[in-house]
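The lines below spell out each chain.
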Amino acid sequence: MTVRKLREWCIERVIFMSGITSIVIVVLIFLFLLKEGLAVLGHVGIFQFLFGGNWYPISDPPQFGAFPLIIGSVLVTLGAAAISVPIGVASALYIAEIAPKRTKEILKAGIELLAAIPSVVIGFIGMVTLGPAIKSVFGLSTGLTALTGSITLAFMAMPTIVSIAEDAITAVPRQYREAAAAMGATTWQTTWRIVAYAARPGMLAAVMLGIGRVIGETMAVMMVTGNAAQIPHSILQPVRTLTATIAAEMGETVQGGDHYAALFAIGIVLFVITFAINGVAELYLHRTTKR
Amino acid sequence: MSTHRLRTIASVAVVLLVFWSGCSRKSDSAKTTVQIKGSDTMVNLSQAWAEEFMKKNPGTSIAVTGGGSGNGITSLISSTCDIAEVSREMKESEIALARQRGVEPKKVVVALDGLAVVVHPSNPLSQLTISQLADIYTGKVTNWKQVGGHDAKIVLLSREVNSGTHVYFKEHVLRHGKADAKDEFSPQALLLPSSQAIVDEASQNPDAIGYFGMGYITQHLKVIKVAIDETSPFYAPSIALIQNNTYPISRPLIMYTKGEAVGLTKAFVEYVLSPEGQQVVRRLDFVPIL
């Protein structure tokens, strides 16, 4: 009896440890980011870092104004969300509710395949095909713009959004649809007003995860946005994102130097942004499920 | 059962092998591999050297990785490579840091490189002075018209900040070689991750201007002639003009070793400096040292 109890206790502990591993790791990562990144505050003030307009990290003295980078990331992400959310949600609705079984299988496989394409390949295709196209369509001086980045990233966010939203829609109880049909609703009315409405929390989670993927994406965005550290006035200008800055400059830095700390500080900014996105999603999820 | 046991034996063998090869790398003089890291400008060149060298010396292995000059220096300082390749000299601060970590960098000039300034073939412009180039890249001049070209906004193409080419161009063109100058690249400049990316963009964009090592010139680009000022002659980069230091924007390509090179590293550096090694330099459109 006691042996059995002991065994139970051990198993419980092990499962508990596994359960909190990810939280512990997140906390450790955040502490590490703070430790390495906050050193930059000895060099520039927090206000100057967040709202300074000049990013010249290797000059003497260096200037660490991350504002153009923050705006760059936000602009590319908003653009990508504006493209991928409507298409992604509509495509999930079609796959879950309307498509015949055969089409459904083919579409799902296709979308999973899209998720399997490495980001560097998508970036390369974006660079050689999308860039020149955008340049000629809008009559710009260069096709490496925030919009190019947004479109490229929209394709990368789509698989996440579609597959999670589709799961949420499929999980809506069958009785809802039957009740709607009994009330005389058309297929579209049922799909839009009942099923989509009931699946809202899941669809929001899908959108948030998609946006999370976009804001953290590095390689593709580095190849297509031009990486000019300027404050953009429109989505048709080149931008430099937070992630591309870290990736492009990390090799140059000496461990413990100012530039190294500044890149970690950018990491903190990224972390805070994704944390905020997840936080908002979480709040919204709870509000809807309680009702 | 027997396949299971076989698999176990195999995996143990693999682990032992990995462990053994990890140990055998320890001694410096008997080493059969050399790690080279650094300048992207030099990656293709070093790869060619490495291939020739390995063909002549079977059983040796020369591993070349790029990542930029800064990357190479960082690796040399942290002892994760044997040779750092750089397209600029090490800074005082970097040398000091290396000494602090017990590494005494030893410099060897292995080749020369001219920076080519290129535009789209349809661009009517054919020559620029260093000051004009500086004005273009700092953003003082934003339209081709202002330097005698067509009426269009100039699209600036540059390498990323981890590139030795970027640093060299900033110090010798934007700042005219003055140590106390504060000129910076215009924030509008597109920072592209590789020289090839600049070639691609410049060859399809009629309004673009770019720069890179002359090894990357293709016939889809027009090379701009460069002069120190209006009164001096304009030159396009060529081997002879770079060797006699006439072409205004050229630079040495350098290998740094940890102290005096020994063993295989020494043999490799000697090969690079030999007439045979310098033949490779010529083949890859760089400029051999005299």
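What counts as what
- Residues numbered from 1 in each chain as written.
- Chains lettered and ligands numbered in written order.
- Predicted model: local features only at pLDDT ≥ 70, side-chain atom pairs only at ≥ 80, totals over all residues.
- Helix = DSSP H or I, 4+ residues; strand = E, 2+ residues; numbered from the N terminus.
- Buried ≥ 20, exposed ≤ 12 C-beta atoms within 10 Å, placed from the backbone.
- Contact = placed C-beta atoms within 7 Å.
- Core = buried A, V, L, I, M, F, W, Y, C linked by C-beta atoms within 7 Å.
- Pairing = 2+ DSSP bridges.
- Right-handed = clockwise from strand over helix to strand, strands pointing away.
- pLDDT = per-residue confidence, 0-100.

(A) Just the overall build of chain B, in detail. Helix and strand content of chain B: 10 helices and 10 strands. Put simply, chain B has 290 residues, and 44% of those count as buried. Sequence separation of at least 24 residues holds for 72% of the intrachain contacts in chain B that already meet a minimum separation of 6.

(B) Region of interest: the overall build of chain A. Scanning chain A from N- to C-terminus turns up 12 helices and 2 strands. From first element to last, N terminus to C terminus, chain A shows the α and β order α-α-β-β-α-α-α-α-α-α-α-α-α-α. By principal-axis analysis of the C-alpha atoms, chain A measures approximately 75 × 70 × 35 Å. Across the 291 residues of chain A, 39% fall into the buried class.

(C) Highlighting the nonpolar core. Counting 146 residues, the largest nonpolar core has A:Ile161 and A:Ala165 as the members making the most contacts within it. Not counting chain neighbours up to four residues away, the residues in contact with A:Ile161 comprise A:Ser84, A:Val85, A:Gly88, A:Val89, A:Ala206, A:Val207 and A:Gly210.

(D) Fine view of the interface of chain A and chain B. Across the boundary between the two partners, chain A contributes 22 residues, which contact 22 residues of chain B. Contributing elements (two or more residues each) for the side of chain A that touches chain B: helix H10 (219-224) and helix H11 (242-249) of chain A.

(E) Seen up close, the pairing of strand E6 (residues 155-159) of chain B. Residue and element names in this part refer to chain B. The buried fraction of E6 amounts to 5 of the 5 residues, a majority that puts the element mostly inside the structure. Burial along E6 is two-sided: Val 155, Leu 157 and Arg 159 facing one way and Leu 156 and Ser 158 facing the other are all buried. Where E6 lies against strand E8 (residues 208-213), 2 bridges are found, and the strand directions are parallel. Along E8, the bridge assignment pairs Leu 156 with Ile 209. The sheet contact formed by E6 and strand E7 (residues 190-192) spans 3 bridges and is parallel. Each residue of the ladder has a partner; that of Ser 158, found in E7, is Leu 191. Once you follow E6 into helix H6 (residues 164-174) and on to E7, the crossover reads as right-handed.

(F) Representation of the confidence of the model for chain B. Residues and elements named next belong to chain B. In this model, chain B carries a mean pLDDT of 85, and residues with pLDDT of at least 70 account for 89%. A low-confidence stretch, residues 14-28 stays under pLDDT 50, and its non-local contacts, those more than four residues away or across chains, total 4 contacts. Both confidence scores are given for the complex: pTM 0.73, ipTM 0.73.

(G) The arrangement of the pairing of strand E4 (residues 105-119) of chain B in detail. Residue and element names in this part refer to chain B. Note that E4 and strand E10 (residues 250-258) share 9 bridges and pair antiparallel. By the bridge assignment, Asp 113 is partnered in E10 with Arg 251. Two elements, E4 and strand E9 (residues 222-227), share 3 bridges in a ladder whose sense is antiparallel. Within E9, the position partnered with Val 118 by the bridge is Val 223.

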